[in-house]
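If you want the building blocks of each chain, they are given just below.
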Amino acid sequence: AQSVTQLDSQVPVFEEAPVELRCNYSSSVSVYLFWYVQYPNQGLQLLLKYLSGSTLVKGINGFEAEFNKSQTSFHLRKPSVHISDTAEYFCAVSEAPLNAGGTSYGKLTFGQGTILTVHP
Amino acid sequence: DVKVTQSSRYLVKRTGEKVFLECVQDMDHENMFWYRQDPGLGLRLIYFSYDVKMKEKGDIPEGYSVSREKKERFSLILESASTNQTSMYLCASSPYFGTGSHNEQFFGPGTRLTVL
């Protein structure tokens, strides 16, 4: 089984400042990692995903995340935020196929969410 | 453009009522999921389905049931709604595991259910 911990429930930041949203995970098998964003009154939208290969993953809207296997982390970063980035962000993990044996059905385990508020 | 739709954005029901939440996807996905979202708890999986008429319990199935009679439609049923089921309900779908989808799920806009 996997678990995900998002270390900050709320992150306030000024516009054009850099931001980092922290995510740690726990798993006994290889995993895929995801960040989703939820804008007010909307469903979740995929920001980026790590499957394998380069540990630095680039996503939409200028976001990127770095997979650190030794620290079991997948922190999300943006060098300069905009007001429009105000939203709730979710980190998620799933079993990678080689370990799943075809029975995980692509289930995701989500963290508790981090509310990013960008102030003018 | 991929699309997951949910029958209602907002729903108000009374305690004890039977409630149906409908989800439809137009991507021919095999897997479908129902989550509830509560502040500070993230998304928790209620039930999922990997094929028509197939279903599996998630992490919090108590008080819920599901139905999948057609590939594109996945229904969540609250047999007797209670106030502690007031929440945001999100539906998602994904392609068959192992088709290269890498487990990406596509979400509907959510249904905010209030049980009085």
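Residues numbered from 1 in each chain as written. Chains lettered and ligands numbered in written order. Predicted model: local features only at pLDDT ≥ 70, side-chain atom pairs only at ≥ 80, totals over all residues. Heavy atoms only, no water.

> Could you clarify how one ought to interpret the pairing of strand 5 (residues 42-51) of chain B in this entry?
The two faces of a sheet get side chains in turn, since along a regular strand they alternate between them. Residue and element names in this part refer to chain B. A large share of strand 5 lies buried, amounting to 8 of its 10 residues. Of the strand pairs in this sheet, strand 4 (residues 31-38) and strand 5 are connected by 7 bridges, and their pairing is antiparallel. Note that in strand 5 the partner of R36 across the bridge is R44. Where strand 4 folds back on strand 5, the antiparallel hairpin that results is connected by 3 residues, among which G40 adopts a positive phi of roughly 80°. Where strand 5 meets strand 6 (residues 54-57), 3 bridges bridge the pair, whose relative direction is antiparallel. Paired with D51 across the bridge in strand 6 is M54. (Buried < 20%, exposed > 50% of the residue type's maximum accessible area, 1.4 Å probe, protein only. Helix = DSSP H or I, 4+ residues; strand = E, 2+ residues; numbered from the N terminus. Pairing = 2+ DSSP bridges.)

> Looking at this structure, I do not really get the side chain of B:S93. What am I missing?
Residues and elements named next belong to chain B. The residue S93 is located in strand 9 (residues 87-94) in this model. At 2.8 Å, the side chain of S93 and the side chain of H29 are in polar contact. Discounting residues that sit within four places of it in the chain, S93 has contacts with V4, Q25, M27, H29, N31, M32, F33, E104, Q105 and F106. (Polar contact = N/O pair within 3.5 Å; in protein donor to acceptor, adjacent residues only side chain to side chain. Contact = heavy atoms within 4.5 Å.)

> What should I look at first to understand the sheet that holds strand 3 (residues 19-25) of chain B in this one?
Strand-to-strand pairing in sheets goes through backbone hydrogen bonds, with the strands running parallel or antiparallel. Residues and elements named next belong to chain B. If you walk across this open sheet you meet the 4 strands as 1-3-8-7, and the pairing is antiparallel. The sheet is open, and its two edges are formed by strand 1 (4-6) and strand 7 (65-70), each paired on a single side. With direction set aside, neighbouring strand axes in the sheet form an average angle of 20°. (Axes fitted to C-alpha atoms, helices over the stretch in contact; angles between N-to-C directions.)

> Help me understand the interface of chain A and chain B, please; the structure alone is not making it clear to me.
Much of the literature gives interface size as the accessible area that the parts lose upon coming together. With 26 residues of chain A at the contact, the number on the chain B side is 23 residues. Here chain A meets chain B over a buried area of about 2000 Å², counting both sides, of which 60% is carbon and sulfur. Across the contact surface, chain A and chain B share 1 salt bridge. A:K49 is the partner of B:E104 in a salt bridge, and the nearest nitrogen-oxygen pair spans 3.2 Å. (Buried area = accessible area lost by both parts, 1.4 Å probe. Salt bridge = Lys/Arg side-chain N within 4 Å of Asp/Glu carboxyl O.)

> Even after reading the chapter, I still don't get the side chain of B:Q37, so can you show me in this structure?
The topology assignment puts B:Q37 in strand 4. The buried category is assigned to B:Q37, whose relative accessible area is 10%. Polar contacts involving the side chain of B:Q37 include one to the side chain of A:Q38, which spans 2.7 Å. Setting aside anything within four residues of it in sequence, one finds B:Q37 in contact with A:Q38, A:E88, A:F90, B:G42, B:L43, B:S87, B:M88 and B:L90.

> I keep staring at the pairing of strand 9 of chain B and nothing clicks. Help me out?
Residues and elements named next belong to chain B. Buried residues dominate strand 9, accounting for 8 of its 8 residues. A two-sided burial pattern is seen for strand 9, the buried positions comprising S87, Y89, C91 and S93 on one face and M88, L90, A92 and S94 on the other. Pairing of strand 4 with strand 9 involves 7 bridges; the strand directions are antiparallel. What sits directly across from N31, in strand 9, is S94. Where strand 9 lies against strand 11 (residues 111-115), 3 bridges are found, and the strand directions are antiparallel. If you follow M88 over to strand 11, its bridge partner there is R112. Bridge count between strand 9 and strand 10 (residues 106-107): 2 bridges; the pairing is antiparallel. The residue of strand 10 that forms the bridge with S93 is F106.

> Got a minute to help me understand the environment of B:L78 in this structure?
Residue and element names in this part refer to chain B. Note on placement: L78 falls in strand 8 (residues 73-78). L78 sits in the buried class, given a relative accessible area of 0%. It is 16 Å that separates the C-alpha atoms of L78 and R44, two residues lying 34 residues apart in sequence. Setting aside chain neighbours within four positions, we find L78 in contact with E17, K18, V19, G63, Y64, Q85, Y89 and L113.

> Can you help me understand the state of the cysteines in this one?
Here, disulfide denotes a covalent bond that connects the sulfur atoms of two cysteines. Summed over the entire model, instances satisfying the criterion amount to 2 disulfides over all chains. Between A:C23 and A:C91 runs a disulfide, and the two sulfur atoms are separated by 2.0 Å. Sign of the S-S torsion, about -70° for the bond between A:C23 and A:C91, identifies this disulfide as left-handed. Linking A:C23 in strand 4 (residues 23-26) with A:C91 in strand 10 (residues 87-95), this pair joins segments that are 68 residues apart in sequence. For the pair shown, A:C23 and A:C91 are each scored as buried. With its sulfur 1.9 Å from that of its partner, B:C23 forms a disulfide with B:C91. Taking the sign of the S-S torsion, about -75° here, the bridge from B:C23 to B:C91 comes out left-handed. With B:C23 in strand 3 and B:C91 in strand 9, the pair connects residues that are 68 residues apart, well separated along the chain. (Disulfide = S-S within 2.5 Å.)

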